[in-house]
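Observations on chain architecture
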Amino acid sequence: MRMSLTQEKEKLLYSRGEEMRLARQREEKERAWREKQIKAARVERDRQTEIDESRRDQIERRRRREIAAQELEKDFWTKQQQRWKAEVETERRRDEAKLAARAEYQRNLLRQMDEKEEISLRVKEEEKKRLEMDEARRREEEDTVNRVKERKLQQLQEFNIPDKYKKEIERKSVARESLKFTQAYHMTR
């Protein structure tokens, strides 16, 4: 019996040692499993972090590309707008130059017309003065001729020349006047 007790104790100790060893093995396996789980979780977390960083990098690159594309588009449209404005300004200046040239041409034309009108009026005034002078000279000549004629007729009367001769002289005098150039001729000279 004693032996049995000792054997039992040994058995018990053995079984307890076995249990402890199994418990340690179990704990070791659990620790290994937990470490494996932790390592797997760490690997997964690292992989997820890499994926997240990669996504963030992609998003950042895409954002930069979009910003660059927007800047390029903005620059393009700004340059396009500047070119359009320059073209509009050039066209406006061209139109203003045309209008200024047209206005200058009209002023020159009006000035030339005024000068021609003035010259024409001056020529007409000079012609009028010349005609008036010609008319005055003609009248003066006519008056002189008439006075001479009257004096001659009075002289003839003073010398008691018959009326028959006086009438002959008057008739010749009238005939000579009708042979003279017309008044229009005298005015155009």
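Given the structure is predicted, the values throughout are model-derived calculations rather than measurements.

The next point concerns the overall build of the chain. Helices and strands together make up the secondary structure of the chain, namely three helices and zero strands. Along its sequence from the N terminus, the chain presents helices and strands in the succession α-α-α. Of all 189 residues assigned to the chain, the portion counted as buried reaches 4%.

Of all residues in the chain, 90% have pLDDT values of 70 or greater, and the mean over the chain is 84. Confidence, expressed as mean pLDDT per element, reaches its minimum in the chain at helix α3 (residues 183-188) with 52 and its maximum at helix α1 (residues 2-158) with 88.

A surface patch of like charges, here negative, comprises D46, E50, E53 and D57. With respect to the helices and strands, E53 occurs in helix α1.

A few words now on the pattern of salt bridges. As enumerated under the stated definition, the model contains 20 salt bridges in all. With its nearest N and O atoms 3.0 Å apart, the salt bridge here joins E28 to R31. Here E28 and its partner R31 are both found in helix α1, three residues apart, which amounts to about one turn of the helix. Between E115 and R111 there is a salt bridge, and its shortest N-O distance comes to 3.2 Å.

Right, let's get into the packing of aromatic side chains. Using the criterion set out here, one finds two aromatic pairs in the structure. Here F76 and W77 contribute two aromatic rings whose centre-to-centre distance is 5.0 Å and whose plane-to-plane angle is 75°, an arrangement assigned as edge-to-face. By relative accessible area, W77 is classed as partly exposed at 43%. Measuring from ring centre to ring centre gives 6.2 Å for W77 and W84, while their planes differ by 50°; the resulting arrangement is tilted. With a relative accessible area of 43%, W84 lands in the partly exposed category. One aromatic cluster in this structure is built from F76, W77 and W84.

What counts and what doesn't
- Residues numbered from 1 in each chain as written.
- Predicted model: local features only at pLDDT ≥ 70, side-chain atom pairs only at ≥ 80, totals over all residues.
- Heavy atoms only, no water.
- Helix = DSSP H or I, 4+ residues; strand = E, 2+ residues; numbered from the N terminus.
- Buried < 20%, exposed > 50% of the residue type's maximum accessible area, 1.4 Å probe, protein only.
- pLDDT = per-residue confidence, 0-100.
- Patch = residues over 30% accessible without salt bridge, like charges linked within 9 Å, V, L, I, M, F, W, Y side chains within 5 Å.
- Areas by Shrake-Rupley, 256 points an atom, 1.4 Å probe, with all protein chains shown as cover.
- Salt bridge = Lys/Arg side-chain N within 4 Å of Asp/Glu carboxyl O.
- Lys, Arg positive; Asp, Glu negative; His and termini not counted.
- Charge placed at Lys NZ, Arg CZ, Asp CG, Glu CD.
- Phe/Tyr/Trp six-rings, centres within 6.5 Å; stacked < 30°, edge-to-face > 60°.

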